[in-house]
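Descriptive structure summary
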Amino acid sequence: MEPFSDAMNPDDNLISFPREFDDLLRELGLDESRSDDVTTSEVPKLPVSPIFFPDARLDGNSEDLILLSSDSICFHVSSTQLILSSNNGFGSHLPLTGAFATSDDGSLPMIRLSHVSTVINIVLHAAYNIACSELNSEFEDVELAIAAFDVYGLNVRKALSSDSPLYVTMLSFVPLRPIDVYALAAKYDLAELAARASGHLMAFKLSSLTDEMAEKIGASYLKKLFLFHIERIEAVSVPDPP
C-alpha cells in the first residue's frame, strides 16, 4: 500500500511520498521527465536548512517530520517539540495520525507551509527556544515571524520573555531601530522590551511619528512615550543648584 495516497489524505498541505513529492518537484520546475514509479531515494533533494537538518536532534528527539517553506526549503523537525511549544497543533497540522504518521519505506511526511524560509526559521528557533544569533535576520523578518506565532500557536510573551534567545535578538535591534522595537513591544504589550527600547529614544523626534506607527504603538504606549520625553525635557531644564 502506498503511504499518504490522495484517497487517504484529508490535508492538502500534507505531501505524500513518493508520487505527490514527484508532483511537487514538477510544480516547482525541478523535474519534467520523471516516471511515476521513482522511489523516494531517487527523488532529487530540495535545499535543507543548515540548522534543522536530518538527525540534528535539537530537542533530543529524532526528526519525524519535514516542513516545506513557500520558497521550497526543507526543515526537518520533531513533531513532539512542535506540539509541546504550540497551543493549536502548530497551525492545526499536528499531531499526524494513522497512515500519515508512518510510511512503509521510512520516508517522512512533509507539510507545506505558506510562509517563506526566513520566517519559518525564526518561528522554529522560538519553538525550540534556541539561540537566534547565527541567523543574522533582518528586523522585518523577525517582525513577520512574530506575527506568524499566532498562526502556529506560539505564545508571543513566552517566546519574548527576558530570558529567551529571541529577546536577545530583539535587543540587538534596539540601537539602530529603537522606535520599531518599541512599536513591536507595544503591539504585544511587552513592557520590559519597550522600556529597553525607550532608553534609545531620547533623541527621537515625536513629530516624525507617522499615523501608521502611532496606530501600531497604541494609545497606552504612545502616552508612555510622550511622558518619557516630557520627563527627559524637564530633567534637562532643571538648573544646576548654585
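All values derive from a computational prediction rather than experimental measurement. (Residues numbered from 1 in each chain as written. Predicted model: local features only at pLDDT ≥ 70, side-chain atom pairs only at ≥ 80, totals over all residues. Heavy atoms only, no water.)

1. Side note on the packing of aromatic side chains
Throughout the structure, instances matching the rule amount to 5 aromatic pairs. Centre to centre, the rings of F90 and Y152 are 4.6 Å apart; their planes meet at 25°, and the pair counts as stacked. Here F90, found in helix 3 (residues 89-92), pairs with Y152, found in helix 5 (residues 139-152); they are 62 residues apart in sequence, far enough to count as distant. You'll find F90 and Y152 in the same group, each marked buried. Centre to centre, the rings of F139 and F173 are 5.5 Å apart; their planes meet at 85°, and the pair counts as edge-to-face. Of this pair, F139 sits in helix 5 while F173 sits in helix 7 (residues 165-173); the two residues are 34 residues apart in sequence, bridging distant segments of the chain. Classification of F139 by relative accessible area gives buried; the value is 2%. A relative accessible area of 11% means that F173 is categorised as buried. An aromatic cluster of three or more residues is present, and its members are F52, F75 and Y128. A cation sits over an aromatic face here: K224 above Y221, 4.2 Å from the ring centre. (Phe/Tyr/Trp six-rings, centres within 6.5 Å; stacked < 30°, edge-to-face > 60°. Helix = DSSP H or I, 4+ residues; strand = E, 2+ residues; numbered from the N terminus. Buried < 20%, exposed > 50% of the residue type's maximum accessible area, 1.4 Å probe, protein only. Lys NZ or Arg CZ within 6 Å of the ring centre and 35° of its normal.)

2. Let's talk about the packing of helix 4 (residues 117-128) against helix 5
At a closest axis distance of 8 Å, the pairing of helix 4 and helix 5 adopts a crossing angle of 65°. Here helix 4 runs over helix 5; the crossing is right-handed. Where helix 4 approaches helix 5, its residues T118, V119, I120, I122, V123 and A126 are matched on the opposing element by D141, V142, L144, A145, A148, F149 and Y152. When the residues that make up the contact of helix 4 with helix 5 are grouped by side-chain class, the tally is 11 nonpolar, 1 polar and 1 charged. (Axes fitted to C-alpha atoms, helices over the stretch in contact; angles between N-to-C directions. Left-handed = near helix turned anticlockwise from the far one by under 90°. Contact = heavy atoms within 4.5 Å. Nonpolar A, V, L, I, M, F, W, Y, C, P; charged D, E, K, R; others polar.)

3. What about the environment of R196?
By the secondary structure assignment, R196 is in helix 9 (residues 191-198). A relative accessible area of 45% means that R196 is categorised as partly exposed. For the pair R196 and L171, spaced 25 residues apart in the sequence, the C-alpha separation amounts to 7.8 Å. Once you skip the residues sitting within four places of it in the chain, R196 turns out to touch Y167, L171 and V174.

4. Points about the pattern of salt bridges
A full pass over the atoms with the stated rule returns 4 salt bridges. When the shortest N-O distance is used, the salt bridge between E140 and R177 registers 2.7 Å. With E140 in helix 5 and R177 in the loop between helix 7 and helix 8 (178-187), the pair connects residues that are 37 residues apart, well separated along the chain. Put simply, R157 and D189 hold a salt bridge, and the shortest N to O gap is 3.9 Å. In this pair, R157 sits in helix 6 (residues 156-159) while D189 sits in the loop between helix 8 and helix 9, placing the two residues 32 residues apart along the sequence. What emerges from the salt-bridge pattern is a single network uniting E140, R177 and D180. (Salt bridge = Lys/Arg side-chain N within 4 Å of Asp/Glu carboxyl O.)

5. Regarding the environment of I130
With respect to the secondary-structure elements, I130 resides in the loop between helix 4 and helix 5. The sequence separation of I130 and S164 amounts to 34 residues, and the corresponding C-alpha distance is 8.2 Å.

6. Quick look at the pairing of strand 3 (residues 74-77)
Put simply, side chains in a regular strand alternate between the two faces of the sheet. Burial of the side chains of strand 3 extends over both faces: C74 and H76 are buried on one face and F75 and V77 on the other. Between strand 2 (residues 65-68) and strand 3, which pair antiparallel one after the other, the connecting turn spans 5 residues, and S72 there sits at a positive phi close to 65°. (Pairing = 2+ DSSP bridges.)

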